[in-house]
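# A look at the structure
Here is what each chain is made of, one letter per residue.
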Amino acid sequence: LPKRYEGSQPSVWVEYIQLALDYKPLNLGQGFPDYPPPQYVTDALIEVASNRGLHQYTRGFGHPTLVQALSKLYSQLIGREIDPKTEVLTTLGAYEALYASITGHVDEGDEVIIIEPFFDCYEPMVRYAGGVPRFIALKPTNTEASVLSSADFVLDRAELEGLFNSKTKAIILNTPNNPLGKVFNLEELTFIADLCKKHNVLCISDEVYEWMVYEPNKHIRIATLPDMWERTITIGSAGKTFSVTGWKLGWVYGPANLMFNLQMIHQNSVYTGCTPIQEATAIAFEKELRRLGSDECYFVSITKELEPKREFMGKFLQEAGFKPIVPEGGYFMMADWTPLESQVDLNSETDKYKDYRFTKWMTKKVGLQGIPPSAFYGEEHKRLGENFVRYCFIKQDKNLQAAADILQKWK
Ligand code: PMP
Ligand code: GLN
């Protein structure tokens, strides 16, 4: 590898997706629904596929109907007119959106603040750009309780403030957070926003789980806080929004001067996204725009659909002896597995961190796969993730029941 990429290792996804293929466990690892997306979404793709005019290259910075739909939606949500041509970019998944945002802004030696636990690709992306990640871990409070909430994990304000300095280029925010499910509240976001403004720092806000937020929590877009539009880049994903993770379509919106830098990265690496997928997503958005906020709107019903699954998982994990952290948003649940440590043969695996050994042993011996959360911490803090496992609950009820049965039998 060239020097700037040295030290790169296969990610947890590469390793665990192969592990699932090899051992065929009940897979609550990688985050994707194990049931079909809404019918009107797949119907939109059928309709597009049969339109013979939609199979060639489209506009590089985003298919016209899709950037229109995104601009319509987010203009409403942000409370300002978003220009579809200059303030929206569509990408190959939220991954490319993150890559373009980071590569398009981070220079050699720039510092980027990352809140742990974090979606794992943030760190290598910052390093590839020559940047220096500065980590701050959310701290658990209320630890004696038998069931925790993601709200019990908080930012230490003084510590966060101490990370901002003249080299700080950006902070990456992820709300709702993956893997913890924390939904940052107004007070927390205001504190972050004020530091960004004080130190002239960019906020890269990964909001791919924006529609999966459980009552009484509210998703707040940091771009809507006073004077934050100018310094915020917000990222979304069709994979999460419409439960079509295989479509690998993402988007970004923000002020034109910041978006220009992303456009340059996108233009010279990917140039243009997939036309039929973008058109089908535009059709899906048009439908949701007409019924925004109503009970039938998928952006409302998806949470209703997930709520009982979240509750069921919290219950069965607790009954099996885990100590779950109930998420305020997203579709993952972290749980402390160490009360069960005596039943696990941790020596059968050789990984450095215990959560890797636990999850591998569970996949092979018990037949249930989860993700080791130390993957979501920087090297110095990996031990903070070791006692946990992350399970995904956007799964059919029968498969969640099967997971409960597996754990009951194991126990
Ligand atoms: N950010 C977060 C927080 C994620 O969980 C994911 C995984 N879906 C992504 C970004 C990447 O999304 P996509 O599949 O659209 O590339
Ligand atoms: N975001 C999904 C997860 O956290 C998928 C990750 C991936 O495919 N790299 O499980």
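Residues numbered from 1 in each chain as written. Chains lettered and ligands numbered in written order. Predicted model: local features only at pLDDT ≥ 70, side-chain atom pairs only at ≥ 80, totals over all residues.

### So, the sheet that holds strand S8 (residues 168-174)
Strands sit in the order S2-S11-S10-S9-S8-S3-S4 across an open sheet of 7 strands; the sheet is mixed. With one partner strand each, in any of the chains shown, strand S2 (88-91) and strand S4 (132-137) form the two edges of the open sheet. Across this sheet, the average inter-strand angle for adjacent strands is 20 degrees, counted without regard to direction. Here S8 runs beside strand S9 (residues 202-206); their pairing, made up of 5 bridges, is parallel. If you follow Leu173 over to S9, its bridge partner there is Ser205. (Pairing = 2+ DSSP bridges. Helix = DSSP H or I, 4+ residues; strand = E, 2+ residues; numbered from the N terminus. Axes fitted to C-alpha atoms, helices over the stretch in contact; angles between N-to-C directions.)

### Considerations on the site of ligand 2
Lining the immediate surroundings of ligand 2 are Trp13, Gln30, Gly31 and Asn178. Of the residues in the shell around ligand 2, the class split is 1 nonpolar, 3 polar and no charged. (Near = placed C-beta within 6 Å. Nonpolar A, V, L, I, M, F, W, Y, C, P; charged D, E, K, R; others polar.)

### A closer look at the domain arrangement of the chain
Domain annotation of the chain identifies domain 1 (3-37 + 297-410) and domain 2 (39-290). Taking only C-alpha atoms, the centre of domain 1 and the centre of domain 2 are 24 Å apart. Residue-level contacts link 40 residues of domain 1 with 39 residues of domain 2. Listing elements by their share of the side of domain 1 that touches domain 2, those giving two or more residues are helix H11 (298-319), strand S12 (323-326) and strand S13 (332-336). In terms of residue count, H11 provides more of the side of domain 1 that touches domain 2 than any other element does, 9 residues in total. Counted by class, the side of domain 1 that touches domain 2 contains 24 nonpolar, 10 polar and 6 charged residues. (Domains from an automatic or database assignment. Contact = placed C-beta atoms within 7 Å.)

### Overview of the environment of Val132
Within the fold, Val132 resides in strand S4. For Val132, a count of 16 C-beta atoms within 10 Å corresponds to the partly exposed category. Aside from chain neighbours lying at most four places away, what touches Val132 is Gly109 and Glu111. (Buried ≥ 20, exposed ≤ 12 C-beta atoms within 10 Å, placed from the backbone.)

### Details of the pairing of S2
Side-chain alternation along S2 places Val88 and Thr90 on one buried face and Leu89 and Thr91 on a second face that is also buried. Direction of pairing for S2 relative to strand S11 (residues 250-253): antiparallel, over a ladder of 4 bridges. Note on S11: the bridge partner recorded for Thr90 is Trp251.

### Remarks on the site of ligand 1
In the vicinity of ligand 1, 14 residues are found, and the nearest of them are Gly93, Ala94, Tyr95, Phe119 and Ser237. Top element by residues in the shell around ligand 1 is helix H4 (residues 93-103). It accounts for 3 residues. Residues that form the shell around ligand 1 fall into these classes: 4 nonpolar, 7 polar and 3 charged.

### Quick look at the confidence of the model for the chain
Mean pLDDT over the chain works out to 98, with 100% of the residues at or above the 70 mark. Overall fold confidence (pTM) sits at 0.98, and the ipTM for the predicted complex is 0.98. (pLDDT = per-residue confidence, 0-100.)

### Things to note about the environment of Glu341
Mapped onto the elements, Glu341 comes out in the loop between S13 and helix H12 (354-366). On a C-alpha basis, the gap between Glu341 and Pro2 in space is 41 Å, while along the polypeptide they are 339 residues apart.

### Some points on the packing of helix H3 (residues 64-78) against helix H10 (residues 275-290)
Where H3 meets H10, the closest approach of the two axes is 8 Å, and the angle between their N-to-C directions is 30 degrees. Considered as vectors, H3 and H10 are oriented roughly parallel to each other. Crossing hand, H3 versus H10: left-handed. Between H3 and H10, the contacting residues are Thr65, Leu66, Ala69, Lys72 and Leu73 on the first element and Gln278, Glu279, Thr281, Ala282, Phe285, Glu286 and Leu289 on the second. Residue composition of the contact of H3 with H10, by class: 6 nonpolar, 3 polar and 3 charged. (Parallel < 35°, antiparallel > 145°, perpendicular 65-115°, else oblique. Left-handed = near helix turned anticlockwise from the far one by under 90°.)

### Here we look at the sheet that holds strand S15 (residues 388-392)
Taken in spatial order, the 4 strands of this open sheet run S6-S12-S13-S15, and their pairing is mixed. The open sheet has two edge strands with one neighbour each: strand S6 (148-149) and S15.

### Quick word on the packing of helix H2 (residues 39-49) against H10
Axis separation between H2 and H10 bottoms out at 8 Å; the angle between their running directions is 135 degrees. Between H2 and H10, the interaxial angle falls into the category oblique. Note that H2 runs across H10; the crossing there is right-handed. Counting all contacts with H2, which are made through Tyr40, Val41, Ala44, Leu45, Val48 and Ala49, the residues of H10 involved are Pro276, Glu279, Ala280, Ile283, Ala284 and Lys287. Looking at the contact of H2 with H10, its residues break down into 10 nonpolar, no polar and 2 charged.

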